[in-house]
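An overview of the molecular structure
What follows is each chain in one-letter form.
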Amino acid sequence: MTERTFVIIKPDAVRAGIVGEILSRYEREGLGLEAIEMRSIDGDFADRHYAAHLERDFYPPLREFMTSGPVVAVVVSGPDAVRRVRTIHGATDPAEAAPGTIRADHATSVRENAVHGSDSPESAEAEIALWFPRG
Ligand code: DAT
Ligand code: MG
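Right, let's walk through the structure included here.

Focus on the sheet that holds strand β4 (residues 115-117)
If you trace the four strands from one edge of the open sheet to the other, you get β2-β3-β1-β4, paired in antiparallel fashion. The strands lining the two open edges of the sheet, one partner per strand, are β2 (32-39) and β4. If you compare each strand with its neighbour and ignore which way they point, the axes differ by 20 degrees on average. Here strand β1 (residues 2-9) pairs with strand β3 (residues 71-79) via eight bridges, running antiparallel. Paired with Val7 across the strands is Val74, a residue of β3. Those strands touched by helix α5 (residues 81-89) are β1, β3 and β4, and its axis lies near 35 degrees from that of β1.

Written out as structure tokens, the structure reads:
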């Protein structure tokens with residue numbers, strides 16, 4: 001059964017000029033690209049996306065980072081898309097990310113880690129509704 005997940009190509013990766021490099025990895029794995037949009041978000045929108053993390057010590061600098069430049073919002077689809085995208089991304093901390101993953105290859109720190117991927121089908125649908133409210 002086809003599943004959808006939500007990806008953000010974060011400001012560090014947009015600045016590094018690797019948007020196409022990242023998108024090609026999902027396509028190479030046979031996943032589909034359902035929607036793509038480049039945009040800049042403000043702090044209030046970052047708070048809505050990261051609602052689960054608002055009280056964490058790492059959140060204020062994360063909020064600053066996520067609003068530091070344009071991001072690319074992507075809906076990715078395919079069987080088991082949530083899990084497969086997180087495998088393609090690698091661990092949150094690039095020091096722990098498996099070789100050949102996006103974060104191993106491109107993340108510069110646990111904060112500036114190139115990509116976001118939803119952690120469950122339920123959060124994927126909630127994130128897609130937030131970022132692409134008109135479907
Ligand atoms: P993931 O993005 O792998 O799902 P998460 O949901 O636990 O990770 O955290 C969201 C983001 O917050 C993560 O991509 C980077 C930042 N973050 C998490 N833990 C952090 C930490 N210990 N120090 C700095 N930033 C952190
Ligand atoms: Mg997460």
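A closer look at the side chain of Glu3
Of note, Glu3 is situated in strand β1. For Glu3, the side chain forms a polar contact with the main-chain nitrogen of Val82, separated by 2.9 Å. Residues contacting Glu3, with those up to four places away along its chain left out, are Val76, Ser77, Gly78, Pro79, Asp80, Ala81, Val82, Arg83 and Pro121.

Thoughts on unusual backbone geometry
One non-glycine residue, Asp80, lies in the positive phi region at around 60 degrees. Mapped onto the elements of the fold, Asp80 is located in the loop between β3 and α5. Residue class for Asp80 comes out partly exposed when judged on its relative accessible area of 33%. Phi at Ala114 takes a positive value of approximately 75 degrees, unusual for a residue other than glycine. Counting through the fold element by element, Ala114 comes out in the loop between α6 (102-106) and β4.

Conventions we followed
- Residues numbered from 1 in each chain as written.
- Chains lettered and ligands numbered in written order.
- Predicted model: local features only at pLDDT ≥ 70, side-chain atom pairs only at ≥ 80, totals over all residues.
- Heavy atoms only, no water.
- Pairing = 2+ DSSP bridges.
- Helix = DSSP H or I, 4+ residues; strand = E, 2+ residues; numbered from the N terminus.
- Axes fitted to C-alpha atoms, helices over the stretch in contact; angles between N-to-C directions.
- Contact = heavy atoms within 4.5 Å.
- Polar contact = N/O pair within 3.5 Å; in protein donor to acceptor, adjacent residues only side chain to side chain.
- Buried < 20%, exposed > 50% of the residue type's maximum accessible area, 1.4 Å probe, protein only.

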